[in-house]
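# Structure assessment
Residue-level listing of the chains:
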Amino acid sequence: MTLRIIDQPIVRELLTMPVCIGLMEQAMQATAKGETLQPPRWIIGLPGDQGRGFGLMPGAMNAPASFGAKLTAVYPENGAKGLQSHRGIIALFEAEGGAPVAIVHGGEVTAIRTAAASALATRLLARADADDLAILGYGEQALQHLRAMAAVRKLRRVRVWGRSAERAAHFAREGREAVDCEIEIAPTVEAAVAGASLICTVTGAAEPILAGRMISPGAHVNVVGSSVAAAREIDVDAVEKARFFVDYKPSTLLQGGEFLAAKREGRVGDDHILAEIGEILTGSKTGRRTDDEITIYKSLGIPVEDLVCAHYLYTAAAERGLGASVAFS
């Protein structure tokens, strides 16, 4: 038996945004149909006061038949150093004999699949004419989300906000290669989202930066940056006033900080989570109903998103003879 090592350049070459959006559709449908096993992710805080953590996300799925886990370190300060904030590996096992078959660059998969999942949610929930994008944040996920939004909607206008004007300007320069329009730098969150029909929050904020009163009727919001119960990017007003959708309801009930804050205040109950994205794909639940509704997609990331990407990369790399292979018995 051989174990294939799939590093960052191979992931970037093979896991294009259109391919990954299709893989997210596959993962979300399998989740909604009960064809996966996805226990709650396990996270420990690392020493220090910088919000560092180490997480384990195990999972299994029927098709493609596989199981495995992502092991990832989260270092929020890495973005300012030009490094990925999520660094780790995905270990992929084949189901027939239980052998490990691939080790995949987890940071790069996470970067692409997170944005691709938002693109899928946007395709399903945003108005068909949504073309005014606001991105709150300017790190790796901001750039990936710019590419993802451009893959599912024709963008007319893009605005970015971040606490560092210098880093926002750098993002704007880099992002112009991904879209056919200028990228404006907004001085405030409110200025960034004014009139926006698409909003992506991709920050490391622990407290809300986006208030419900700032969101225009008919907007769709992808809430991506916070991934633990103690952190939130949007306030309870935003949660309460929107039609609220998620990638996986059990994980949201445990770790979706924005939803949990609104629930603690008695503003919403568990039934405020209207559907998982996979349930909209299967037709069992309804997404957007009118052009005036605000829709929110809360993303936490689920193991089968990583597994389906890892399996695709393993198969595609093997077909092309890419990646190092080592004997493993």
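Overview of the structure. All residue numbers refer to position in the chain's written sequence, counted from 1. Per-residue local features are limited, in this predicted model, to residues with pLDDT of at least 70; the limit for side-chain atom pairs, both in listing and counting, is 80 or more; totals at the level of whole chains, interfaces and linings are taken over all residues. Side-chain figures throughout are based on the complete set of non-hydrogen atoms in the structure, without hydrogens or water.

## Considering the sheet that holds strand β13 (residues 243–246)
A sheet is described by the order of its strands in space; here eight strands give the open sequence β10-β9-β8-β11-β12-β15-β13-β14, paired in parallel fashion. Of all the strands in the sheet, the pair left with one neighbour each is β10 (183–185) and β14 (273–276). Each strand of the sheet is rotated relative to its neighbour by a mean of 20°, with strand direction disregarded. Between any two strands, pairing holds if DSSP finds at least two bridges. Secondary structure elements are defined from DSSP: runs of H or I of at least 4 residues count as helices, runs of E of at least 2 residues count as strands, and each element is numbered from the N terminus. In terms of strand pairing, strand β9 (residues 157–161) meets β10 through three bridges, oriented parallel. Bridging across to β10, V160 finds its partner in I185. Contacting β11 (198–201), β12 (220–223), β13 and β15 (295–298), helix α3 (residues 106–125) runs over the sheet at an angle of about 160° to β12. Whether two residues touch is decided by their heavy atoms; if any such pair falls within 4.5 Å, the residues are in contact. For every element, the axis is a line fit to its C-alpha atoms; helices are fit only across the contacting stretch, and the angle between N-to-C directions ranges from 0 to 180 degrees. Seen against the sheet, helix α4 (residues 140–152) touches β8 (132–136), β9, β10, β11 and β12 and runs at an angle of roughly 165° to β8.

## A short note on the pattern of salt bridges
Salt bridges are defined by distance alone: a side-chain nitrogen of Lys or Arg within 4 Å of a carboxyl oxygen of Asp or Glu. Tallied over the entire structure, the rule returns 23 salt bridges. The residue R123 makes a salt bridge to E25 at a minimum N-O spacing of 3.3 Å. A residue pair is termed long-range when its members are at least 10 positions apart, and R123 in helix α3 and E25 in helix α2 (residues 17–32) qualify at 98 residues. Burial status follows relative accessibility: with a 1.4 Å probe on protein chains alone, a residue under 20% of its type maximum counts as buried, one over 50% as exposed, and anything between as partly exposed. Of the residues examined, R123 reaches a relative accessible area of 35% and is grouped as partly exposed. Residues participating in the shared-partner salt-bridge network are D131, D132, R156, R157, R159 and E184.

## A closer look at the nonpolar core
Working definition of a nonpolar core: buried Ala, Val, Leu, Ile, Met, Phe, Trp, Tyr and Cys residues. They are joined through side-chain atoms within 4.5 Å. Formed by 68 residues in total, the largest nonpolar core has its most connected members in L146 and I277. A total of nine residues in this core trace back to one element, the largest contributor, which is α3. Beyond its immediate chain neighbours, meaning those up to four positions away, L146 contacts L133, I135, L155, V158, F171, G175, A178, V179 and I183.

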